[in-house]
Amino acid sequence: MARKKKEKTVKTSGPVKTQENHKVKPYDLGIISRNAKTVIVNAMIETTGQVRFGDGTEVNLTITEKDLIPTSDGKFVEKVVFAGSKRRGVDRRTIHALRNQVLSQNGTEPFEQCYIPQLCRKCPTCWLLGATAMGEGYNIKSRILYGSSYSIEPSELAVQPHSRNMVDEKRHTTAGEAGIHTEEFIKAGVHFPTITILERVVDWEIGVFAHALLENVNQNKYTAASRSQGGVKFTEVDAIGQCIIIDESPIGMFPLPTPKIGADKTNLYEALEVYKDSLDLEKIKEKFEVQCFKVDYGKTDGVEDKTTLLIQVNSSILYKIKCTENEGKLEVFQCVRKEKKDEAEDITKSEEGKPILEHEYKLIQTRYYGERALGYIREKQYEWKSFLETFNSQRWTDTNNEILKRIGPSKAEKASEKGLEKPATKEEPVSGEESD
Ligand SMILES: [Zn+2]
């Protein structure tokens, strides 16, 4: 098949050889890369002062988005919502800002015509964060999935109405009815467990999200109307440090699931235990054992090694989990049994005379936590900035064509021939991005 296609191109497009000589390698991009990974970023975000995430603005009352959550005893608990779409909208603005600034300094096309809601569907951020065509043409599905988060604390504890009195400067009285304004604020010390999934991404793409997360927390941008003292931070927890747990897998397989807090849970202490347990080898051991695996600690020179777990079924090892506490990471290896040409010859015997099959370990999941996780996202943020600083427009155009060629030519090519040049595309709104 592939050969046939190649012949066809040679016939129709003439001097392919010279073209090939000048061809620059396309950019590495998750959707077309063999090195794409899946990353799960789990972070507990905490308010540090009065903040508002914003839902709708009525004349007098600014409502904080809330939901009723059923509890196991048949009742309900009301929680504050930190919507994923809100987080996504704020992140995208921050991402566009850096893209435009660095690219214009770099002297290349800054994609300034691509902004919410008029997304261009051909720039690096559109291919990562998605863009929708309302009429003709192709849609890009976002590879960064933002989950909505419920506060740990019930809204009766987390939210406070706040009356504001606008004083008439001359008369020193309340400036009429419009001067009285009631707002709802989320108090300080309210916790939101957030999860974001980055599907099929390469390092600079991880950095796009990393930049947004770091800077939006740092600069309090997630809050719509933060008061002077308002803002957010990563919760700090004993034994973890900053409450961030990042899982990375080269194949999108995670034997250690990311810690999740039930929406009906209202106890912060218990919630933080869930995070701690996800890093504790003893607890991990128990979890695999209740799933009917046999789990042993590893051995070095006959001595039990408490930093390694071996997950087994029928005395063969499936996974090895290694914890390097002072490096802030856990590694999960899959045991891959090697195929042998001559089984009888190759099998070595253990001390008890049992055969030991040849095998090797393949890293399939790395879990970074605390300060190390923060270091991971900071390092990726640098990758994204470097990507922009060395950005080459021609090379990007080639990459763009390569993507369009690979993602179903009929739809995409049609769109790139007609749709993208039409000014009409500029008016196509993109749903799902929320403004603050
Ligand atoms: Zn774009």
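Our subject is the structure listed above.
Residues numbered from 1 in each chain as written. Predicted model: local features only at pLDDT ≥ 70, side-chain atom pairs only at ≥ 80, totals over all residues.

Chemist: Would you explain the packing of helix 3 (residues 84-106) against helix 10 (residues 370-389) in this entry?
Modeler: When two helices pack together, you describe them by how their axes are tilted relative to each other and by the distance separating the axes. The N-to-C vectors of helix 3 and helix 10 enclose an angle of 40 degrees; their axes lie 8 Å apart at closest approach. The pairing of helix 3 with helix 10 is recorded here as oblique in orientation. For helix 3 against helix 10, the interelement crossing comes out right-handed. Here L98, R99, V102, L103 and N106 of helix 3 come into contact with helix 10, specifically with K385, L388 and E389. Here the residues of the contact of helix 3 with helix 10 are counted per class, giving 4 nonpolar, 1 polar and 3 charged. (Axes fitted to C-alpha atoms, helices over the stretch in contact; angles between N-to-C directions. Helix = DSSP H or I, 4+ residues; strand = E, 2+ residues; numbered from the N terminus. Parallel < 35°, antiparallel > 145°, perpendicular 65-115°, else oblique. Left-handed = near helix turned anticlockwise from the far one by under 90°. Contact = placed C-beta atoms within 7 Å. Nonpolar A, V, L, I, M, F, W, Y, C, P; charged D, E, K, R; others polar.)

Chemist: Mind showing me how you'd approach the sheet that holds strand 7 (residues 149-154) here?
Modeler: Paired through their backbone hydrogen bonds, the strands of a sheet run either parallel or antiparallel. Read across the open sheet, the 3 strands follow the order 4-5-7; overall the sheet is antiparallel. Taken across any chain shown, the strands that pair with only one partner, and hence form the sheet edges, are strand 4 (66-70) and strand 7. Neighbouring strand axes in the sheet, compared pairwise and without regard to direction, differ in orientation by 45 degrees on average. (Pairing = 2+ DSSP bridges.)

Chemist: Teacher, can you tell me more about unusual backbone geometry here?
Modeler: Note: most peptide bonds trans; most residues except glycine with negative phi. I116 connects to P117 through a cis peptide bond whose omega is 0 degrees. Phi is positive for A239, close to 70 degrees, though the residue is something other than glycine. Within the element layout of this structure, A239 appears in the loop between strand 12 (236-237) and strand 13 (241-242). Take A239: there are 12 C-beta atoms within 10 Å of it, and that puts it in the exposed class. (Buried ≥ 20, exposed ≤ 12 C-beta atoms within 10 Å, placed from the backbone.)

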